[in-house]
Amino acid sequence: MRVEVTSSPLAELEADVVAIGLCDDDELPDELAEAPGAGDVKTAFRKTATLFGERAGRVLVIGLGERGELDGENLRVAGALAAKQAGGASATSLAWVLPDCGERVQSGETAAALVEGTMLATHRFDRFRSRDPEDPPPPDLESLQLVAADGAGPAQVEEEATKARVTTEAANRARDLQQLPSNIKNPAYLAARADEIAQDNDAMETATLGPAEIAERGMGGIVAVSAGSAQEPRLIVLRYRGASDDAETLGLVGKGVTFDSGGISIKPSRGMQEMKMDMSGGAAVLEAVAAIGELGLPLNVVGVVPAVENMPSGSATRPGDIITQLNGKTVEINDTDAEGRLILADALTYCVRELGAVRLVDLATLTGSVVVALGSTYSALISNDDELAERVEGAAEATGELTWRLPLHPEYKELTKGTVADLANVSPKRKAGTIYAASFLEEFVDSKPWAHLDIAGTAWDTDREYVGKGASGYGVRLLVALARELSGDN
């Protein structure tokens, strides 16, 4: 989608649909005050009305509610509402007259939020749909104009709009990866995607470990989880060098289970098709690093994705087996469906010891417990470092990819101890499942500042206006915002 900034007056805009947002104390522009449909305008949040004035296209008026309560999330919703209305009118172009949001939301932030809401809402995954030639798909929304008022800082608006476009395109690519079926999207497919990303940017490089290298290095978690599948595992590394070699490296680790049957501890069949998206954390990491590179942010980042398929077979890992992880710790496998923490453990150790990451963020669709606790509104944030946790929370708040911090405590750590090995991947007491999994992961970060995001409830079916019930691409925008903040680009 093309995103442009203009200062043209309303009457000269050539877009198929023009969107105007009104707060409770706003009035329609004079040229629309008597237009057909003006009497239907309401300023309450999410209320919409369509006007037909002297200009060729229609004008969509969207209520924004009280100005003092307006924030980036409300603007994303407004952007999504406008995009859907434009789609319903078969529009290929949309113009947004940037509203006056007061001091709480600056003009650049307003533009970014509207770009995000529009682009996320117009995403379609219809690659596998057949179409009757007599019933073609609706046209795509091809362009978005942002109409900045005089004195609104058009340079800042354009800069933030461009960054929002790049980031949102990456989020939509992650959504495509999430929704691909597992007979296409296997570990090798994710590795090939990392290669594509690296080929497009001279500051990028990628290296992928295959099954022999994974086993030789002693990555017992990745070996164990992949043992039952005909699909061979990969450990995918995507590195972006945006700063000097002696600058700190941010490590991003994403769970990449391309299909999770549960293994021998097999899942119920109902809803199992959604387990093609158990690689959502890996998709977010790959596409976030791609966006960070495209934006040219001045920092060093390494993305690591342990990619496996978890299947039952005669060669699969059994409950009761004991494995040795990359850092030498032994683990009792009490439940083969608690596989994500095993592959992440090896990836976190590798990211610190071999790739030089000095702070870590991992994303994983890790536990069903987090859905019970937080639903689809928040991801769980668990961290051993208050400063890093605060930065992640700030990025989450700015992007609407919300987090809620849960505690670490020595009593939770006690639960992770094994009976005959160092650790157990599941405790028989089944307490605090989300925190338990994070406490397990903490054993593999070598005391580096680390934040864990359990995105099992937010990776799909959030039912937000701009992502609906399908894949959400959660984490891409958050990680890019975090990288911008760490690099001073904010």
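Peer 1: Please explain the overall build of the chain as it appears in this structure.
Peer 2: On a plain count of helices and strands, the chain comes out with 13 helices and 18 strands. In summary, the chain has a C-alpha radius of gyration of 24 Å against a globular reference of 23 Å for 490 residues, a match within 12%. When the backbone C-alpha atoms are referred to their principal axes, the chain occupies close to 80 × 50 × 45 Å. Here the chain holds 490 residues, and the buried ones make up 55% of them. Taking all contacts inside the chain whose residues are at least 6 apart in sequence as the whole, residues at least 24 apart take part in 76%. Within the structure as shown, the chain displays about 20100 Å² of accessible surface, and the carbon and sulfur contribution to it stands at 45%.

Peer 1: I'm lost on the packing of aromatic side chains in this one. Help?
Peer 2: How two aromatic rings sit relative to each other is set out by the distance from centre to centre and by the angle between their planes. A complete count under the given rule lists three aromatic pairs for this structure. When the centroid spacing of 5.3 Å and the interplanar angle of 45 degrees are considered together, the rings of F440 and F444 count as tilted. Residues F440 and F444 agree in their burial class; the two are buried.

Peer 1: Even after reading the chapter, I still don't get the packing of helix α10 (residues 386-399) against helix α13 (residues 476-487), so can you show me in this structure?
Peer 2: The relative placement of two packed helices comes down to the angle between their axes together with the axis-to-axis distance. In contact at an axis separation of 8 Å, α10 and α13 are set at 125 degrees when each is read in the N-to-C sense. In terms of orientation, α10 and α13 fall into the oblique class. For α10 against α13, the interelement crossing comes out right-handed. Residue-level contacts link R391, V392, A395, A396 and T399 of α10 to R477, L478, A481, L482, E485 and L486 of α13. Per-class residue counts for the contact of α10 with α13 are seven nonpolar, one polar and three charged.

Peer 1: How should the sheet that holds strand β13 (residues 330-332) be read in this particular structure?
Peer 2: Taken in spatial order, the three strands make up an open sheet running β12-β13-β17, and their pairing is mixed. Unpaired on one side and paired on the other, β12 (322-324) and β17 (423-424) mark the two borders of the sheet. Note that β13 and β17 share two bridges and pair parallel. The residue bridging E332 from the neighbouring strand is A424, located in β17.

Peer 1: Looking at this structure, how should I read the pattern of salt bridges?
Peer 2: When the charged atoms of two side chains with opposite charge come close together, those side chains can pair. Evaluated as defined, the whole model comprises 36 salt bridges. In this structure, E485 engages R391 in a salt bridge whose closest nitrogen and oxygen atoms are separated by 2.6 Å. Pair noted here: E485 is in helix α13 and R391 is in helix α10, with a separation of 94 residues, a long-range link. Judged by its relative accessible area of 32%, E485 is partly exposed. In this structure R391 comes out as partly exposed when scored by relative accessible area, which is 25%. A single network of salt bridges, built from pairs that share partners, joins E73, R76, E116, E401, R464 and R477.

Peer 1: How should I be thinking about helix α1 (residues 72-88) in this particular structure?
Peer 2: Note on helix geometry: an α-helix contains 3.6 residues per turn, so any two residues three or four positions apart are oriented the same way. With 17 residues, α1 extends 24 Å from end C-alpha to end C-alpha; this agrees with the ideal 24 Å at 1.5 Å per step. Extensive coverage of α1 is indicated by the burial of twelve of its 17 residues. Every buried residue belonging to α1 is among G72, N74, L75, R76, V77, A78, G79, A80, L81, A82, A83 and A86, and all of these are buried. Of the surrounding secondary structure, the elements contacted by the buried residues of α1 are β2 (17-23), β4 (58-65), β5 (93-97), α2 (107-121), α10 and α13. Once α1 finishes, S90 follows within two positions and takes phi at roughly 60 degrees, a positive value.

Peer 1: Would you mind showing me how to read the side chain of E401 here?
Peer 2: Mapped onto the secondary structure, E401 falls in the loop between α10 and β16 (403-405). Take E401: its relative accessible area is 4%, and that puts it in the buried class. A distance of 3.0 Å separates a polar side-chain atom of E401 from the backbone nitrogen of G475. Not counting chain neighbours up to four residues away, the residues in contact with E401 comprise A396, G473, Y474, G475, V476, R477 and L478.

Peer 1: Please clarify how the pairing of strand β15 (residues 379-383) should be interpreted in this entry.
Peer 2: The two faces of a sheet get side chains in turn, since along a regular strand they alternate between them. Burial of β15 is extensive: five of the five residues sit out of reach of the surface. Burial of β15 is two-sided: the residues S379, L381 and S383 facing one way and the residues A380 and I382 facing the other way are all buried. Alignment of β15 against β16, held across three bridges, turns out to be parallel. Bridge assignment links S379 to a residue of β16, and that residue is T403. In this fold, β15 hands off to α10, which returns the chain to β16; that crossover is right-handed. The sheet contact formed by β15 and strand β18 (residues 450-454) spans four bridges and is antiparallel.

What counts, and where the lines are drawn
Along each chain, residue indices are assigned from 1 in the same order as the chain's sequence is written. Per-residue local features are limited, in this predicted model, to residues with pLDDT of at least 70; the limit for side-chain atom pairs, both in listing and counting, is 80 or more; totals at the level of whole chains, interfaces and linings are taken over all residues. Values reported for side chains reflect all heavy atoms of the structure, with hydrogen atoms and water molecules removed beforehand. The helix count covers DSSP runs of H or I at least four residues long, the strand count covers runs of E at least two residues long, and both are numbered beginning at the N terminus. Radius of gyration: over C-alpha atoms. The globule rule applied is 2.2 Å multiplied by the number of residues raised to the 0.38 power. Throughout this description, buried means an accessible area under 20% of the type-specific maximum (1.4 Å probe, protein chains only), exposed means over 50%, and partly exposed covers the range between. Note on contacts: a residue pair qualifies if any of its non-hydrogen atoms lie within 4.5 Å across the two residues. The protein chains shown are the only cover counted for residues, whose accessible areas, like all others here, come from Shrake-Rupley with a 1.4 Å probe. Classification of ring pairs rests on two measures: the distance between centres of Phe, Tyr or Trp rings, Trp counted by its six-membered ring, which must be within 6.5 Å, and the angle between planes, read as stacked under 30 degrees, edge-to-face over 60 and tilted in between. Orientation is described by axes fitted as lines to C-alpha atoms, over the contacting stretch for helices, and by angles from 0 to 180 degrees between their N-to-C directions. Roughly parallel means an angle under 35 degrees; roughly antiparallel, over 145; roughly perpendicular, 65 to 115; everything else is oblique. Take the far helix as your reference; a near helix turned counterclockwise from it by less than a right angle gives a left-handed crossing, and one turned clockwise gives a right-handed crossing. Classification convention: Asp, Glu, Lys, Arg as charged; Ala, Val, Leu, Ile, Met, Phe, Trp, Tyr, Cys, Pro as nonpolar; all other residues, Gly among them, as polar. Pairing between strands is defined by DSSP: at least two bridges between the two strands are required. Criterion for a salt bridge: a side-chain nitrogen of Lys or Arg within 4 Å of a carboxyl oxygen of Asp or Glu. By this rule, a helix spans an expected 1.5 Å times one less than how many residues it contains. Within 3.5 Å is the distance limit for a polar contact, defined as a pair of N or O atoms, with the added protein rule that one can donate a hydrogen and the other accept it, and that residues adjacent in sequence qualify only through two side-chain atoms. Viewed with both strands pointing away, a crossover whose connecting path from the first strand over the helix to the second turns clockwise is right-handed.

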